[in-house]
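What follows is each chain in one-letter form.
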Amino acid sequence: QVQLVEPGGGLVQAGGPLRLSCAASGRTFSVYDMGWFRQAPGKEREFVAAIKWSGRGTDYADSVKNRFTISRDNAKNTLYLQLNSLKPEDTAVYYCAADRGGAWPKRTGYAYWGQGTQVTVSS
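In this report, we go over the structure that sits alongside the text.

What counts, and where the lines are drawn
Residues numbered from 1 in each chain as written. Predicted model: local features only at pLDDT ≥ 70, side-chain atom pairs only at ≥ 80, totals over all residues. Heavy atoms only, no water. Salt bridge = Lys/Arg side-chain N within 4 Å of Asp/Glu carboxyl O. Buried < 20%, exposed > 50% of the residue type's maximum accessible area, 1.4 Å probe, protein only. Disulfide = S-S within 2.5 Å. Helix = DSSP H or I, 4+ residues; strand = E, 2+ residues; numbered from the N terminus. Core = buried A, V, L, I, M, F, W, Y, C linked by side-chain atoms within 4.5 Å. Contact = heavy atoms within 4.5 Å.

### Examining the pattern of salt bridges
Under the definition given, this model contains seven salt bridges. Among the ionic pairs, Lys-106 bridges to Asp-99, the shortest N-O distance being 3.4 Å. Side by side, Lys-106 and Asp-99 carry an identical accessibility label, which is buried.

### Here we look at the state of the cysteines
Tallied over the entire structure, the rule returns one disulfide. Covalent S-S linkage joins Cys-22 and Cys-96, the inter-sulfur distance amounting to 2.1 Å. Given an S-S torsion of about 55°, the disulfide between Cys-22 and Cys-96 has right-handed geometry. Here Cys-22, found in strand 3 (residues 18-26), pairs with Cys-96, found in strand 9 (residues 92-99); they are 74 residues apart in sequence, far enough to count as distant. Of the two residues examined, Cys-22 and Cys-96, each falls in the buried class.

### Some details on the nonpolar core
Nonpolar side chains tend to gather and get buried jointly when the protein is soluble and globular. Core analysis: the largest hydrophobic core is formed by 35 residues, its most contacted members being Met-34, Trp-36, Leu-79, Leu-81 and Tyr-94. Within the residue set of this core, elements represented by two or more residues are strand 1 (2-5), strand 3, strand 4 (33-39), strand 5 (46-51), strand 7 (68-73), strand 8 (78-83), strand 9 and strand 11 (117-122). The contacts of Leu-79, once residues within four sequence positions are left out, are Leu-20, Ser-21, Cys-22, Phe-29, Met-34, Gly-35, Trp-36, Ile-51, Ile-70, Ser-71, Arg-72 and Cys-96.

What follows is the structure, given as structure tokens:
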């Protein structure tokens with residue numbers, strides 16, 4: 001299995017940028033499709049973005065398309081999410097997730113999850 005840790009997160013003003021990272025350990029990172037999800041207070045967890053194991057394929061929720069960019073560095077066992085033009089409604093706990101195999105795009109059914117990191121966007 002793979003273990004996921006998300007350092008970072010934090011407080012940022014609306015319109016500003018932030019980069020999240022997710023460090024993986026354990027099984028070979030490069031075989032896993034990876035995703036980012038978020039959960040705002042009082043709401044269900046929702047899909048944000050995903051990237052194929054090879055990096056050759058990405059998928060985004062409509063709410064973040066053209067503002068967020070998912071990427072990965074398989075040599076560093078690290079997943080990234082660049083958040084630009086942040087809005088107060090982007091405030092949530094952000095989780096990275098990993099899964100292997102299955103159909104693409106993959107917005108559900110991830111097997112492994114990080115502990116989450118708080119992102120707060122002030123207006």
